[in-house]
Amino acid sequence: MTGGGFGAFVRRAHDAGRLVVQPRMGMSSPRRMRAGLLATRDARATTVGTITLDSYTRVGDLESARLAVLEDVALNGYPIVSHDAATTAAVLDGIHGPGFPVQVRHGSAAPQDIFRALTAVGLDASEGGPVSYCLPYGRVPLRASVAHWATACRLLAARRESGAEPHLETFGGCVLGQLCPPSLLVAVSVLEALFFHRHGIRSISVSYAQQTHPEQDAEAVAALRRLCAHHLPDTEWHVVVYAYMGLYPETEQGAYRLLGKAAELAVGSGSERLIVKTVAESRRIPTVAENVAALEYAAEIAARTPRTPLDATGTQTYAEASALVNAVLELDDDPGTALLAAFAEGRLDVPYCLHPDNAGFSRSYIAADGRLAWADIGRMPLNGIADVRPARAVTAAELLDSLSYVRRSFDGHDPRNTRAVEPARP
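Summarised in this report is the structure supplied together with it.

Rules used throughout
- Each chain has its residues counted from 1, running along the sequence as written.
- For a predicted model such as this one, the threshold for reporting local features is a pLDDT of at least 70, and the threshold for listing and counting side-chain atom pairs is 80 or more; totals across whole chains, interfaces and linings nevertheless cover every residue.
- Hydrogens and waters are ignored; side-chain quantities use all the structure's heavy atoms.
- Counting from the N terminus, the helices are the DSSP runs of H or I reaching at least four residues and the strands are the DSSP runs of E reaching at least two.
- C-alpha atoms define the radius of gyration in this analysis, and the globule rule sets the expected value at 2.2 Å times the number of residues to the power 0.38.
- Residue exposure (1.4 Å probe, protein chains only): buried if accessible area is under 20% of the type maximum, exposed if over 50%, otherwise partly exposed.
- Contact criterion: two residues are considered in contact whenever any of their non-hydrogen atoms come within 4.5 Å of each other.
- To be clear on the numbers: accessible area is Shrake-Rupley with a 1.4 Å probe, and residue cover counts the displayed protein chains and nothing else.
- When charges are counted, neither His nor the chain ends are considered; positive counts come from Lys and Arg and negative counts from Asp and Glu.
- Positions of charges follow a simple convention, taking NZ of Lys, CZ of Arg, CG of Asp or CD of Glu.
- To pair, rings of Phe, Tyr and Trp, with the six-membered ring standing in for Trp, must have centres within 6.5 Å; the planes then decide the type, stacked if under 30 degrees apart, edge-to-face if over 60, and tilted in the middle.
- Nitrogen and oxygen atoms within 3.5 Å of one another constitute a polar contact, given that in protein one can donate a hydrogen and the other can accept it, and given that sequence-neighbouring residues count only through two side-chain atoms.
- Take the residue count of a helix, subtract one, and multiply by 1.5 Å to get its expected span.
- Axes, fitted as lines to C-alpha atoms, cover a helix only where it is in contact. Angles between the N-to-C directions of the axes lie from 0 to 180 degrees.
- Here is the rule for angles: anything less than 35 degrees is roughly parallel, anything more than 145 is roughly antiparallel, 65 through 115 is roughly perpendicular, and the remaining ranges are oblique.
- In a left-handed crossing the near helix is turned counterclockwise from the far helix by less than a right angle, and in a right-handed crossing that turn is clockwise.
- Three classes are used, and their members are as follows: Ala, Val, Leu, Ile, Met, Phe, Trp, Tyr, Cys and Pro are nonpolar, Asp, Glu, Lys and Arg are charged, and the others, Gly among them, are polar.
- Being paired, for any two strands, means DSSP has found at least two bridges between them.
- By nonpolar core is meant a set of buried Ala, Val, Leu, Ile, Met, Phe, Trp, Tyr and Cys residues that side-chain atoms within 4.5 Å join together.
- By salt bridge we mean one thing: a side-chain nitrogen of Lys or Arg within 4 Å of a carboxyl oxygen of Asp or Glu.

Before going further, it helps to spend a moment on the overall build of the protein chain. Within the protein chain, the regular secondary structure consists of 15 helices and 11 strands. Here the C-alpha radius of gyration of the protein chain, 20 Å, is about what a compact globule of 426 residues would show, namely 22 Å. Seen through its principal axes, the protein chain has C-alpha atoms that stretch 60 × 50 × 40 Å. Counting over 426 residues, the protein chain shows a buried share of 60%. Look at the contacts in the protein chain between residues 6 or more apart in sequence, and 72% of them connect residues 24 or more apart. Accessible surface, the protein chain: about 16300 Å² in total, of which carbon and sulfur atoms supply 52%. Placing the 41 positive and 46 negative side-chain charges of the protein chain at their respective mean positions leaves the two points 2 Å apart.

As enumerated under the stated definition, the model contains seven aromatic pairs in all. Ring plane angle 45° and centroid distance 5.0 Å describe the contact between Tyr133 and Phe171, whose orientation is recorded as tilted. You can see Tyr133 sitting in the loop between strand S5 (125-128) and helix H7 (142-157) and its partner Phe171 sitting in the loop between strand S6 (167-170) and helix H8 (182-198), a full 38 residues away along the chain. For Tyr133, a relative accessible area of 6% puts it in the buried group. Each ring, one from Tyr256 and one from Tyr297, has its centre 4.9 Å from the other, and the planes form 70°; the classification is edge-to-face. A residue pair is termed long-range when its members are at least 10 positions apart, and Tyr256 in helix H10 (residues 252-268) and Tyr297 in helix H11 (residues 288-303) qualify at 41 residues. An aromatic cluster is present here, built from Phe115, Tyr133, Trp149, Phe171, Phe195, Phe196 and Tyr242 joined pairwise through their rings.

Moving on, we get to the environment of Asp334. Tracing the chain through its elements places Asp334 in the loop between helix H12 (316-329) and helix H13 (335-345). With relative accessibility at 17%, the residue Asp334 sits in the buried group. Linking Asp334 and Arg307, residues 27 residues apart in sequence, is a C-alpha distance of 36 Å. Reaching out from Asp334, the side chain makes a polar contact with the backbone nitrogen of Thr337 at a distance of 3.0 Å.

A word on H8. Over its 17 residues, H8 extends 24 Å from the first C-alpha to the last, a length consistent with the 24 Å expected when each residue adds 1.5 Å. Buried residues dominate H8, accounting for 16 of its 17 residues. One or two residues past the end of H8 sits Gly200, with phi positive at roughly 100°.

Moving on, we come to the packing of H8 against H12. At their nearest, the axes of H8 and H12 sit 8 Å apart, and the two run at 40° to each other. Judged by the angle between their axes, H8 and H12 are oblique. Like other packed secondary-structure pairs, H8 and H12 cross with a definite hand, here right-handed. Listed contacts from H12 to Pro182, Ser183, Leu184, Val186, Ala187, Val190, Leu191 and Leu194 of H8 are Thr317, Glu320, Ala321, Leu324, Val325, Val328 and Leu329. Residues that form the contact of H8 with H12 fall into these classes: 12 nonpolar, two polar and one charged.

Here we come to the pairing of strand S4 (residues 102-105). Alternating residues of S4 divide into Val102 and Val104 and Gln103 and Arg105, and every residue in both groups is buried. As judged from the four bridges shared by strand S3 (residues 49-52) and S4, these two strands associate in the parallel manner. The residue bridging Gly49 from the neighbouring strand is Val102, located in S4.

The next point concerns the nonpolar core. If you look at the biggest cluster of nonpolar residues, it comprises 112 residues, and the most contacted ones within it are Leu37, Ile51, Leu184, Val186, Leu274 and Leu348. The element that contributes the greatest number of residues to this core is H8, accounting for 11 residues. Among the nonpolar cores identified, the runner-up in size contains seven residues, and Phe9, Ala13, Val20 and Val48 belong to it.

In this structure, Ala218 sits in helix H9 (residues 214-231). Considering only alpha carbons, one finds Ala218 and Ala89, 129 residues apart in sequence, at a separation of 40 Å.

Time to look at the pattern of salt bridges. For the structure shown, the criterion picks out 17 salt bridges. The shortest N-O distance in the salt bridge between Arg116 and Asp113 comes to 3.1 Å. In this pair, Arg116 and Asp113 are both assigned in helix H6 (residues 112-120), three residues apart and thus about one turn of the helix distant. Take Arg116: its relative accessible area is 42%, and that puts it in the partly exposed class. With a shortest N-O distance of 3.0 Å, Arg160 and Glu165 are connected by a salt bridge. Overall, Glu165 belongs to the partly exposed group, its relative accessible area being 22%. Linked through salt bridges whose partners overlap, the residues forming this network are Arg105, Glu127, Glu169 and Arg273.

Structural data, given as structure tokens:
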């Protein structure tokens, strides 16, 4: 792709004062996938395209994916490895280009075949990471995921030899994000970005998922930006905010209200891109029309939101995230080796994550003011930094209550939500 690639497109839009908005969209039918890309491109917003892959491809069950393609069975995403290159090239023909870059989203701990397939048709933007596409999603050993992702990054980085600038987005800022205190999300996102950089990628986006408290989210993005400015000085990078990744509101007004807050967070924090969610998220896979409505609504909110980024200095989130990043980087010069050691020692520990390579000692909770906080830091190097609740087990009832906190708040059913925002409409 000419014109500087995915990262350069986002940078130009940001410099022009526009937020780039993006759906999470994938259909197994090439005809429907093309129609979805066209609708995204033609939305009344500054957009980039998405091809989200199916579950079979994500877990490497390519035989089942190929069989589905042969038998014309609908899947929950586009099987890019199983469709031949000519088919995918036809999907992209006349759509993908400097004015409308397309990103492949997948969820795989072993993305080598995916990266080979996407580069074969001229695509050079994807996302994920050795931690964030391993711990929450399956039982692939973390060591295997790190090795797979190192190979995949080098495959994608080779596109630079032909003049392209391949782009990777960390998913670390979303890893089990609905109950993960922001400092750990920020730290993992930065560390995955450093892993990408180590293996030749020079255009990177770092992610952060909207959480339970707007001011805490703004602090988290500020911390993320400051850490990236320090650790990625020779890299083209930007921040992508995700609309809330947990249980989404069930009412239309609640869903739009939450999406509007995500757009305000993205613009207000100085972020460059937003992954939207739709009114259908709590019930089913959204239609193309629902995705377009979400894109246009987010763009409308973004256009009237001022940029008011915070200074990360002195915030709790920055202090914790910086301590975590530094504690991992001191383990080894190679970020992949350092990540493996950090999880083995419990220096990184994702709350409520049951993966065998996660220590499993940390716990979090939602405080009375809505902020995500630590109930137990396990062996993470946050003693004297984190404000930890006096030791008390988080009960199953509390955990379930926390999981639905945002849904209740934005649907207007939570008596603790005294800031009942006016209904937002598309």
